[in-house]
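Chain and residue survey
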Amino acid sequence: MGTQEALMMLSQFVLGALATFLAILVWSKSRDTAWMLIVVGTVAHYGQIVLTALETIGVIRLDFVTFGEVAVFPLVLTNLPTLFYIVAFLILVSRKIN
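So, a few notes on the structure that sits alongside this text. Fair warning: this is a prediction, and the values are worked out from it, not measured in the lab. (Residues numbered from 1 in each chain as written. Predicted model: local features only at pLDDT ≥ 70, side-chain atom pairs only at ≥ 80, totals over all residues. Heavy atoms only, no water.)

1. As for the overall build of the protein
- Across its full length, the protein carries three helices and two strands.
- Secondary structure elements in the protein, listed N-terminal to C-terminal, are α-α-β-β-α.
- Considering only C-alpha atoms, the protein reaches an extent of 50 × 35 × 20 Å along its principal axes.
- When each of the 98 residues of the protein is scored for burial, the buried share is 19%.
- Within the protein, residue pairs in contact and separated by at least 24 positions form 57% of the contacts whose partners lie at least 6 positions apart.
- Between the averaged position of the 5 positive side-chain charges in the protein and that of its 5 negative side-chain charges there is a distance of 23 Å. (Helix = DSSP H or I, 4+ residues; strand = E, 2+ residues; numbered from the N terminus. Buried < 20%, exposed > 50% of the residue type's maximum accessible area, 1.4 Å probe, protein only. Contact = heavy atoms within 4.5 Å. Lys, Arg positive; Asp, Glu negative; His and termini not counted. Charge placed at Lys NZ, Arg CZ, Asp CG, Glu CD.)

Next comes the structure, spelled out in structure tokens:
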């Protein structure tokens, strides 16, 4: 692993941890469904950062389940936070319309 990769991984850990910590603080202050989905998306994103880092350094393998030639777990990990954000934003938009 080169210096640039290590710096990228470290910055993702630090900023992801900060975002997750603040998201959990928001969760404790708000029980709104949309905000809770944003918090869960942020926590899922940090989980993706951690698992990807563990795979990069060789501790775990994420490609153990495949569908054809596509590794399922990395695909889900990458898109799960965005799906939570989409549902949260749809909830917020539907509130503004009604």
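2. Some remarks on the packing of aromatic side chains
- Going through the model one piece at a time under the given rule, you end up with two aromatic pairs.
- Measuring from ring centre to ring centre gives 6.5 Å for Phe13 and Tyr46, while their planes differ by 75°; the resulting arrangement is edge-to-face. Here Phe13 is found in helix H1 (residues 3-29), whereas its partner Tyr46 is found in helix H2 (residues 33-56), with 33 residues between them in sequence.
- The class of Phe13 is partly exposed, set by a relative accessible area of 26%.
- What makes Tyr46 partly exposed here is its relative accessible area of 22%.
- Centre to centre, the rings of Phe64 and Phe73 are 5.9 Å apart; their planes meet at 40°, and the pair counts as tilted.
- We classify Phe73 as partly exposed; its relative accessible area is 31%. (Phe/Tyr/Trp six-rings, centres within 6.5 Å; stacked < 30°, edge-to-face > 60°.)

3. Here's the deal with H1
- Relative to the 39 Å expected for 27 residues at 1.5 Å per residue, H1 spans 39 Å between its end C-alpha atoms, a close match to the ideal helical length.
- Buried within H1 are the following residues: Met9, Gly16, Thr20 and Ala23.
- Buried residues along H1 sit in contact with H2. (Expected span 1.5 Å × (residues − 1).)

4. Digging into the environment of Gln48
- For Gln48, the location among the structural elements is in helix H2.
- It is 18 Å that separates the C-alpha atoms of Gln48 and Thr66, two residues lying 18 residues apart in sequence.
- Not counting residues up to four positions away in its chain, the partners in contact with Gln48 are Leu77 and Thr78.

5. Notes on a nonpolar patch on the surface
- Together, Val76, Leu80, Leu83, Ile86 and Leu90 line one region of the surface with nonpolar side chains, adding up to about 430 Å² of accessible area.
- Considering the arrangement of structural elements, one finds Leu83 in helix H3 (residues 72-97). (Patch = residues over 30% accessible without salt bridge, like charges linked within 9 Å, V, L, I, M, F, W, Y side chains within 5 Å. Areas by Shrake-Rupley, 256 points an atom, 1.4 Å probe, with all protein chains shown as cover. Salt bridge = Lys/Arg side-chain N within 4 Å of Asp/Glu carboxyl O.)

6. Quick word on the packing of H1 against H2
- Close contact between H1 and H2 brings their axes to 9 Å; oriented N to C, the two are set at 155°. In terms of orientation, H1 and H2 fall into the roughly antiparallel class. In this structure, the crossing between H1 and H2 has a hand that is left-handed. Two secondary-structure elements touch here, H1 through Met9, Gln12, Phe13, Gly16, Ala17, Ala19, Thr20, Ala23, Ile24, Val26 and Trp27 and H2 through Trp35, Met36, Val39, Val40, Thr42, Val43, Tyr46, Ile49, Val50, Ala53 and Thr56.
- Of the residues in the contact of H1 with H2, the class split is 17 nonpolar, five polar and no charged. (Axes fitted to C-alpha atoms, helices over the stretch in contact; angles between N-to-C directions. Parallel < 35°, antiparallel > 145°, perpendicular 65-115°, else oblique. Left-handed = near helix turned anticlockwise from the far one by under 90°. Nonpolar A, V, L, I, M, F, W, Y, C, P; charged D, E, K, R; others polar.)

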